[in-house]
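# An overview of the molecular structure
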Amino acid sequence: MTDIKVRFAPSPTGNLHVGNLRTALVNFLFARRQGGHFMLRIDDTDTDRSTAAFEASIREDLQWMGMQWDSEDRQSARLDRYDDALKTLLADGRAYACYETPEELGLKRKAQLSSGRPPVYDRAALKLTDAQKAGFEADGRRPHYRFLLDDAEVAWHDMVRGEVAYHMSSLSDPVLFREDGRVIYTMASVVDDIDHGITHIIRGEDHVTNSAAQIQLFEALGAQAPAMGHVALLAGADGEGLSKRLGSLSIGQLRGDGMRAEAIASLLARIGTSDPVVAQAALDAIIAGFELSRFGRATAKFDPAELAQINTRVIQQLDFADVAAELEAAGVGGGSEFWQAVRDNLATLAEAGDWWTVCTAPLAPQITAAEVTTAAADLLPAGDLSADIWGDWTKAVAAETGAKGRGLFMPLRLALTGREKGPEIAPMLAFMGRDRIQARLRGETA
Ligand code: GLU
């Protein structure tokens with residue numbers, strides 16, 4: 001193990017979707033690639049919106065993806081630590097009590113905007129006398145607390161974006177605690193990252209300005225900020241922001257649609273990078289090919305159609321042993337031979353079950369050229385039905401009927417499978433069996 005330690009910090013206020021799963025994956029791959037530590041931190045300070053069910057579903061999705069975490073913690077278990085940190089900041093003059101109501105703050109913002117000034121908090125609370133504060137308290141107001149930003153430029157070398165600089169004069173002093181005593185993420189996250197010894201923070205670019213303020217907060221709490229990397233957000237295939245439908249596309253839905261974890265990881269590990277997307281059937285290969293430095297500033301395009309293609313290519317790489325348990329659970333028999341017969345033609349594993357049904361349960365054949373299919377029934381060779389009989393058998397049918405090419409093969413396919421497309425028929429014959437083959441070729445449901 002190196003001393004690298006990263007964290008994925010979901011708020012359990014919804015299911016994981018492709019955007020936040022990508023953040024998790026990038027952290028996971030970064031840690032695994034370098035022998036580092038991957039932590040799961042549950043950001044559950046928003047008690048109104050956090051639920052145990054969302055948390056359970058996030059854990060299930062991460063585990064299903066094969067992204068096992070090395071340790072975990074939750075913000076709701078660390079409230080004392082945030083109180084301690086606030087005391088430190090108050091003692092050092094880096095936090096201050098404010099008494100404005102949301103309505104008063106709203107009016108200030110409006111006035112600033114209408115006179116063309118940036119809506120930055122005016123620090124009026126810094127000038128409150130003790131008597132004024134006592135007056136607010138006597139009126140039943142409770143303070144919220146803000147962090148006093150240092151009026152300077154904060155610059156860092158971002159692992160993804162390169163040199164980044166923000167002047168703090170353009171930011172409002174961030175609120176650390178609400179008037180109801182609940183800590184705000186900005187504060188809790190920094191205290192956690194310090195206590196957990198996080199070395200690298202990798203998250204979405206929507207956190208960049210947060211990071212600028214948080215870097216000062218790390219320093220005010222006597223720590224050095226971790227290295228930071230902000231990955232570009234996902235866009236739909238058209239380059240526009242993720243549509244509502246895609247943005248809320250949950251991992252559970254993708255799983256239900258038959259997408260494999262390795263296909264999702266293959267795509268999410270590479271979109272937005274200068275490396276090509278490669279379908280990998282094993283997470284280890286994705287780890288080995290991961291470089292954070294390849295991520296760029298341009299939005300990454302997520303295209304469900306591309307995911308479906310990668311899924312097909314992942315399935316083509318799976319050996320029978322990789323899928324035996326899933327096939328058995330789905331009632332698919334035929335062992336390795338059946339898997340070899342259908343594997344290259346599957347968009348999802350569930351389709352193996354469809355082909356097993358085609359081979360082993362009655363279906364109504366489609367007869368489009370009765371002379372061809374009847375001849376095929378008559379000419380079916382005796383003996384076992386290995387795939388090698390196909391060539392001689394179809395040649396014999398061609399010689400008898402004069403049919404060739406599509407005119408020969410499509411009637412056979414439609415009669416035997418009831419479908420226009422699918423895996424090669426030859427290796428499926430053995431699973432259909434002689435009686436079923438001949439009956440279907442004669443137009444009987446079998
Ligand atoms: N809970 C925060 C979020 O989901 C975590 C951000 C961070 O990684 O610091 O946006």
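Throughout what follows, the structure given in this document is the object of discussion. (Residues numbered from 1 in each chain as written. Predicted model: local features only at pLDDT ≥ 70, side-chain atom pairs only at ≥ 80, totals over all residues. Heavy atoms only, no water.)

### Focus: the environment of Glu262
Just so we agree on the cut-off: Only runs of H or I of at least four residues qualify as helices and only runs of E of at least two qualify as strands under DSSP, and these elements are numbered from the N terminus. Summary of the burial criterion: residues with accessible area below 20% of their type's maximum are buried, those above 50% are exposed, and those between are partly exposed, where the area comes from a 1.4 Å probe applied to protein chains only. Between two residues, a contact is recorded if the distance between any of their heavy atoms is within 4.5 Å.
Structurally, the position occupied by Glu262 is in helix 10 (residues 261-268). By relative accessible area, Glu262 is classed as partly exposed at 23%. For the pair Glu262 and Val314, spaced 52 residues apart in the sequence, the C-alpha separation amounts to 7.3 Å. The contacts of Glu262, once residues within four sequence positions are left out, are Gln280, Ala281, Ala282, Leu283, Ile286 and Val314.

### Examining the site of the ligand
What counts, and what does not: The rule for a residue being near a molecule or strand is that one of its heavy atoms must lie within 4 Å of it. Polar contacts here mean pairs of N or O atoms no more than 3.5 Å apart (in protein, one a potential hydrogen donor and the other a potential acceptor; neighbouring residues in sequence count only if both atoms are side-chain atoms). Here the term cavity refers to a set of points on a 1 Å grid, laid over the protein atoms alone, in which a 1.4 Å probe fits but cannot get out; the term pocket refers to an open set having protein on both sides within 12 Å along at least five of seven lines, with lining residues being those that place an atom within 4 Å of a point. Placement in a cavity or pocket follows one criterion, namely that more than half of the molecule's atoms lie within 2 Å of its grid points.
As a structural note, the neighbourhood of the ligand is formed by Arg7, Ala9, Ser11, Asp43, Tyr185, Ser189, Arg203 and His207. Interatomic distance of 2.8 Å between a backbone N/O atom of Ala9 and a nitrogen atom of the ligand. With respect to the ligand, the side chain of His207 contributes an N or O atom lying 2.9 Å from an oxygen atom. According to the grid-proximity analysis, the pocket containing the ligand is the largest pocket.

### Notes on the sheet that holds strand 1 (residues 5-8)
What counts here: DSSP calls a pair of strands paired once it identifies at least 2 bridges connecting them. Angles shown run from 0 to 180 degrees and are taken between the N-to-C directions of axes, each axis being a line fitted to C-alpha atoms and, for helices, limited to the stretch in contact.
Taken together, three strands build an open sheet; the order of strands is 1-2-3 and the sheet is parallel. The open sheet has two edge strands with one neighbour each: strand 1 and strand 3 (71-74). The average undirected angle you get between the axes of adjacent strands in this sheet is 30°. Here strand 1 pairs with strand 2 (residues 37-42) via four bridges, running parallel. For Phe8, the partnering residue across the bridge sits in strand 2 and is Leu40. Seen against the sheet, helix 6 (residues 185-195) touches strand 1 and strand 2 and runs at an angle of roughly 145° to strand 2.

Honestly, it's all geometry; don't read function into it.
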